[in-house]
Amino acid sequence: MKRLRTLGLVQGRGALPKSLREACYDERLVGGLSISLRASADEVMGPLTHAMGGPATKLKVLDVRTGTPMVIEVQWGELKEKWEVESVEALITNLGDLFRDEDDVKPLVVLGEWEDMLQVWALRWDVLEVLLSTQLLDEARNVATLRARFDEDEDEEAED
């Protein structure tokens, strides 16, 4: 947790909670979001894309069809897609896939649940790379997907 303070990822005073989920819930993580487990994907699209920043803020929701799964039609530039999402986590996966190659869009780390809320952390790619080299994010639900981007970068460098 001291490393987080050194990287400027923690706000507020006093001792830090022992878990990232709790720190996020306590609004101690810079870029942290607590999302109600009852929130639907369309309700959290705006806060998530705002936290991601950059080109993600230009994503438009064209249509939403409720049901299971929910269907969200989105547009980003010339791209139009319909996403079937069953949860906020599924939405986060779709957003991550869409903006995967956008360096100015912060990826979302799903830290898990705490106090009936999903804890999500928006981090810059360079900071995420540093944290992935530690064990701090090992319990994140989407850590394998986040690591994959860096593995692909290493594979491309090896080919060159």
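Presented here is a report on the structure given in the accompanying data block. Bear in mind the structure is a predicted one, so any value in this text is a computation, not a measurement.

**What about helix α5 (residues 125–132)?**
Along α5, the positions that sit buried rather than exposed are Trp125, Val127, Leu128, Leu131 and Leu132. Taken around the axis of α5, the buried residues stretch over an arc of 160 degrees, which confines them to a single face.

**With respect to the layout of surface pockets**
In this model, the largest pocket occupies a volume close to 250 Å³. Lining the largest pocket are 20 residues, and of these Ile92, Gly96, Asn142, Thr145 and Leu146 sit closest to its centre. Sorting the residues of the lining of the largest pocket by element identifies α4 (88–98), β5 (108–114) and α6 (143–159) as the ones contributing at least two each. Its residues placed into classes, the lining of the largest pocket shows 10 nonpolar, four polar and six charged.

**Re the nonpolar core**
Counting residues in hydrophobic clusters, the biggest one holds 28 residues, and the most contacted among them are Ile35, Leu48, Trp83, Leu91 and Leu95. The set of elements that each furnish at least two residues to this core consists of β1 (32–36), α3 (41–52), β3 (70–76), β4 (79–85), α4, β5 and β6 (117–122). Sort the elements by how many residues they give to this core and α3 lands first, with six residues. When near neighbours in sequence (up to four residues on either side) are disregarded, Trp83 contacts Met45, Leu59, Met70, Val71, Ile72, Val74, Leu91, Asn94, Leu95 and Leu98. In terms of nonpolar packing, the next biggest core, distinct from the first, is built from 22 residues, Leu4, Leu137, Ala140 and Phe150 among them.

**Describing a negative patch on the surface**
A cluster of acidic residues, Asp26, Glu27, Glu115 and Asp116, forms a negative patch at the surface. For Glu27, the location among the structural elements is in the loop between α2 (20–25) and β1.

**A short note on the pairing of β5**
Counted residue by residue, β5 has five buried out of seven residues, so it is predominantly covered. Taken together, the six bridges between β5 and β6 define a ladder with antiparallel strand orientation. Pairing of Glu113 across the sheet is with Leu118, part of β6. Adjacent in sequence and paired antiparallel, β5 and β6 are bridged by two residues, among which Glu115 carries a positive phi angle near 55 degrees.

**Quick word on the packing of aromatic side chains**
Counted according to the given criterion, the structure contains two aromatic pairs. Pairing Trp76 with Phe99 gives two aromatic rings, centres 4.8 Å apart and planes at 80 degrees, and the pair type is edge-to-face. With a gap of 23 residues between them, Trp76 in strand β3 and Phe99 in the loop between α4 and β5 connect regions that are remote in the sequence. A relative accessible area of 2% means that Phe99 is categorised as buried. Here the aromatic rings of Trp125 and Phe150 are separated by 5.8 Å at their centres, their planes lie at 70 degrees, and the arrangement is edge-to-face. With a gap of 25 residues between them, Trp125 in helix α5 and Phe150 in helix α6 connect regions that are remote in the sequence. Given a relative accessible area of 10%, Phe150 falls into the buried group.

Conventions used here
Residues numbered from 1 in each chain as written. Predicted model: local features only at pLDDT ≥ 70, side-chain atom pairs only at ≥ 80, totals over all residues. Heavy atoms only, no water. Buried < 20%, exposed > 50% of the residue type's maximum accessible area, 1.4 Å probe, protein only. Helix = DSSP H or I, 4+ residues; strand = E, 2+ residues; numbered from the N terminus. Arc of directions from axis to C-beta. 1 Å grid on protein atoms, 1.4 Å probe; cavity = no way out; pocket = protein on both sides within 12 Å on 5 of 7 lines; lining within 4 Å. Points joined across faces, edges and corners; volume = space filled by probe spheres on them. Nonpolar A, V, L, I, M, F, W, Y, C, P; charged D, E, K, R; others polar. Core = buried A, V, L, I, M, F, W, Y, C linked by side-chain atoms within 4.5 Å. Contact = heavy atoms within 4.5 Å. Patch = residues over 30% accessible without salt bridge, like charges linked within 9 Å, V, L, I, M, F, W, Y side chains within 5 Å. Areas by Shrake-Rupley, 256 points an atom, 1.4 Å probe, with all protein chains shown as cover. Salt bridge = Lys/Arg side-chain N within 4 Å of Asp/Glu carboxyl O. Lys, Arg positive; Asp, Glu negative; His and termini not counted. Charge placed at Lys NZ, Arg CZ, Asp CG, Glu CD. Pairing = 2+ DSSP bridges. Phe/Tyr/Trp six-rings, centres within 6.5 Å; stacked < 30°, edge-to-face > 60°.

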